Amino acid sequence: MAGRLPIWLLAGFAALQPPLAHAQLHRGGELRLLTHAASGTIDPQINYEGAFWQVFSITYDGLVAFRKAAGPAGNELVPDLAEAIPAPQDGGRTYRFRLRQGVRFSDGREVGVEDVAASFRRIFRVSSPTSGSFYGGIVGADACLKQPTDCTLAGGVAVDAARREITFHLAAPDPEFLLKLGLPHAAVLPADAPPLDVGVTPLPGTGPYRITRYDPQTALRLERNPFFREWSKAAQPEGYPDAIDYQFGLSAEAEVTEVENGQADGVLDTIPPDRLGEIGEAHAAQVHIQPELAISYLPMNTRIPPFNNLQARRAVAFAIDRAALVKLAGGPALAEPLCQILPPGLPGHEDYCPFTKSPGTHWSAPDLDRARELVRQSGTAGQRVTLITAATPAGRLMGEYLQELLRDIGYDAHVNSISNNIEFTYIQNTNNNVQISTSAWMEDYPAPSDFLRVLFGCASFHPSSDSSVNISGFCNQAIEAEMDQAMALAITDPDAANRLWAKVDRDITDLAPAAVLLVPHAVVLVSTRVGNFIYSDQFRWILSQAWVQ
Amino acid sequence: MRRIWRDKAALLAALVLAALLVACAAAPLYARLVSGTDPFRSNITGTIMLDGHATQVLQPSPGGLQLGVTPIGPSWHAQYLLGADGLGRDLAARLLYGGRTSLLIAGAATLCCLALATLLGIVAGYFGGIVDAILARLLDLLWAFPVFLLAISLSIVLISGGLQLGPLHIEADSLALPVSVIAVIFIPYVARPIRGQVITLQRSEFVLAAIGIGAPSWRILARDIMPHVATTLAVFAPLVMALNLLTESALSFLSIGVQPPAASWGTIIQDGQELLYTRPLVALAPGLAIVLVVVALNTLGDAFRDALDPQARLRGRG
């Protein structure tokens, strides 16, 4: 006979139950995100946009991964599809991984060592944008770069199916090889993944979510991967929301309004300047501010006048009022002044600022008198200088400020604002004879070389190419030797290597191939129902860990 | 002209235009003597005295997380009368300077456009034959492009390196560049009607009589055809100038028109684009100025047409 139990008895039963875990309490719901536009292909080995790396970080896995954690802990490398992070062998030329057992792709097939080997061949077959720069050190990569369709990586990637082992052989020691394996371009895909850009068709992955819908005009949707079983909380924890839905097409203004009204859960675009005050005051609890491992800087072309003159370059670095630029960026909560190449938080960063009123460790004030004197000494006063900026409202404001500053120190300065879509490639191509431009750089992985070597290394300079990220055209053999030494040292003594990188940072800063301006801070606005906000330096907001109920 | 001045709407439009022209022409005087600021110099970290208090021109958010800065709003004093823009520059002074640039470009482009269109229209219409066939097809080709698409395409190409025409080089940030682009794109809109008018005039009795008595072509063009074409141009001039002003504003808004440090109403609207929530006046004020000028020019254009072609009004009344 059914009957009602007394309330005191129910309470007693409840007290005997174990407390519900967070995973159960907050599991479920749909995270609704807004961004003005899609970021291109959803092929994880091709797309090089931070916005989609955020997606790939919870839909795909590599052999290793960056820990899904906030702050500096998020830069730590942990084993992902590999059982452990191997110690380098053969003087840093060989890495041997053992693949975890029982991990399945989102189509149900188990991940095998052949999938890993095929994925690395696919990096070259699809001409991944980092195939040369990140993975070009694997033995056999040279041939793959020349003939991508016939890529075998013979001698570079060996597998032992019985022991579930994958062995990488490098042509030369690369202390950052493991970091590069943690990036989405090294995601493990099924061996039969087509050797071409899949565009809008999702490939099976191993993460807690799979892409179920992608229309670049309207939306991207992630749903739970039915075959996912958590194997490492550090590398790839199970997700909380049942689905993650990206909507494209709204303006940033409208996105902010929707999140304020609770119609969506997060704005992934830059918050418009005229809404910052409002969200900072009325929605402070929903705002998350995170310093980024990034710099905003002015590359100066060291190969053409007037900035082929060291004094002219130093003059610009001295003249910039970084406090004014911080204010233009939205105030001290949103940016901090910087004079050196390596941003705070990156290994090898040691505070250094020679381009300020009182040179030392931090920027205090511009030194216009010194800047004018340097321009006079350089003999470049009066020369025509054209600054290239992006044709965005913020880019235009910065351009106008910098034009005024360049005129103040003695140049016939002009500004050319060009479409944001082409500015980055335009300023890289030496055929355009860009003298000075505005740019920004964000880490690919947390290593000093990703700033110093990538932005100012001789190997990053490619004349007449749209892909010459050493925009300054800077190439100094002494510094190049120091960087080689630091790379070699990192295999055996990372601390000593970081000290050497700090010296390289100072040396390059002193030669001023670029005037570094700021460290930008990211601002993310979320709805009131979002909890457990975790922001990683690597992949921004870790969406899988957000609570929406 | 008396007929135009009897039209009250036209009179009001002329007065509004004259007032705006005078105000814009006096921009340097306003900046120097009234506002006491340099509208081309940023004032990001500066302060001004308002009612005895030092006030930051770009004000940090006062509470909460202190995110963002907001330019000072209208002070209703001589300095920063309408407030500041995103770089802390006096909006009222920039508005006047911007008006000078916008009106100058629109006016110069109108003159160039009318001159070239008249030349092409008359040559094509009067000489006919192969000359007409070539020129008319060229005009058709230009006409076939959507006008703003053509303007944007030309501007994007020219803005990176300027314009080189033989020995003549126009710098990318020269005002002559938007003048040239805008003048070219509207040529078919004027040249085609003029060509048609010249073809019609050629068959008129007085032109046939002039040809009959052996008058040279230049004399027929100057004495018999140009006076008629001039009335058409008088009607077209304000209308084309209104179109030119809108085009200049659009190009400058897209960063492919007037280049810094020069300002135009289009660039000021762009400056205000990211201040719409906090300081809408930065975008609204130049927008309002554009509306005023365009309405005034269109009203004047209508008045010219009515005055020079009385039958048009009769036809309009049915």
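(A) Focus on the overall build of chain B. Along chain B, the regular secondary structure elements total 13 helices and six strands. Taken across its 318 residues, chain B has 44% of its residues classed as buried. Taking the contacts inside chain B whose residues are at least 6 apart along the sequence as the reference set, 67% of them involve residues at least 24 apart.

(B) Up close: the domain arrangement of chain B. Residues and elements named next belong to chain B. Entries for chain B in the domain assignment read domain 1 (2–71) and domain 2 (91–317). Using only C-alpha atoms to locate each centre, domain 1 and domain 2 end up separated by 28 Å. The interface of domain 1 with domain 2 comprises 23 residues on the first partner and 21 residues on the second. Residue assignment for the side of domain 1 that touches domain 2 shows that the elements contributing at least two residues are helix H1 (2–6), helix H2 (8–25), helix H3 (27–35) and strand E4 (69–71). When residues in the side of domain 1 that touches domain 2 are grouped by element, the largest group, 11 residues, is from H2. For the side of domain 1 that touches domain 2, the class distribution of residues is 18 nonpolar, three polar and two charged.

(C) Molecular detail of helix H13 (residues 420–428) of chain A. Residues and elements named next belong to chain A. Turning to H13, its buried residues are Glu-423, Ile-427 and Gln-428. With its buried residues spanning 120 degrees around the axis, H13 presents them on a single face. Where H13 is buried, its residues meet strand E12 (294–299), strand E14 (384–390), strand E15 (412–418), strand E16 (436–437) and strand E17 (439–442).

(D) Highlighting the interface of chain A and chain B. Contacts between the two partners involve 35 residues from chain A, matched on the other side by 32 residues from chain B. Looking at the side of chain A that touches chain B, the elements that each hand over two or more residues are helix H8 (273–282), helix H10 (322–328), helix H12 (393–408) and E15 of chain A. Across the side of chain A that touches chain B, the residue classes tally to 18 nonpolar, nine polar and eight charged.

(E) Structural context of the packing of helix H10 (residues 217–253) of chain B against helix H12 (residues 281–308) of chain B. All names here are of chain B. The N-to-C vectors of H10 and H12 enclose an angle of 165 degrees; their axes lie 8 Å apart at closest approach. The orientation of H10 relative to H12 falls into the category roughly antiparallel. The chirality of how H10 crosses H12 is left-handed. Contacts between H10 and H12 involve Thr-231, Ala-234, Val-235, Pro-238, Leu-239, Met-241, Ala-242, Leu-245, Leu-246 and Ser-249 from the first element and Ile-290, Val-293, Val-294, Leu-297, Asn-298, Leu-300, Gly-301, Phe-304, Arg-305 and Leu-308 from the second. Looking at side-chain class alone, the contact of H10 with H12 contains 15 nonpolar, four polar and one charged residues.

(F) Geometry of the nonpolar core. Grouped together as the largest cluster of nonpolar side chains are 244 residues, with contacts concentrated most on Ala-515 of chain A together with Val-190 and Val-240 of chain B. Two domains each provide a minimum of three residues to this core, namely domain 1 (2–71) and domain 2 (91–317) of chain B. The contact partners of Ala-515 of chain A, leaving out residues within four places of it in the chain, are Tyr-297, Leu-298, Met-300, Val-316, Ala-317 and Ile-320 of chain A.

(G) A look at the sheet that holds strand E6 (residues 165–169) of chain A. Residues and elements named next belong to chain A. A sheet is described by the order of its strands in space; here three strands give the open sequence E4-E6-E5, paired in antiparallel fashion. Taken across any chain shown, the strands that pair with only one partner, and hence form the sheet edges, are strand E4 (94–98) and strand E5 (157–160). Looking at each pair of strands side by side, their axes are set apart by 15 degrees on average, direction ignored. The sheet contact formed by E4 and E6 spans five bridges and is antiparallel. Residue Arg-98 lies in a different strand from E6, and its bridge partner there is Glu-165. The strands touched by helix H4 (residues 113–125) are E5 and E6; relative to E5, the strand with the most contacts, the crossing angle is about 170 degrees.

Basis of the calculations
Residues numbered from 1 in each chain as written. Chains lettered and ligands numbered in written order. Predicted model: local features only at pLDDT ≥ 70, side-chain atom pairs only at ≥ 80, totals over all residues. Helix = DSSP H or I, 4+ residues; strand = E, 2+ residues; numbered from the N terminus. Buried ≥ 20, exposed ≤ 12 C-beta atoms within 10 Å, placed from the backbone. Contact = placed C-beta atoms within 7 Å. Domains from an automatic or database assignment. Nonpolar A, V, L, I, M, F, W, Y, C, P; charged D, E, K, R; others polar. Arc of directions from axis to C-beta. Axes fitted to C-alpha atoms, helices over the stretch in contact; angles between N-to-C directions. Parallel < 35°, antiparallel > 145°, perpendicular 65-115°, else oblique. Left-handed = near helix turned anticlockwise from the far one by under 90°. Core = buried A, V, L, I, M, F, W, Y, C linked by C-beta atoms within 7 Å. Pairing = 2+ DSSP bridges.

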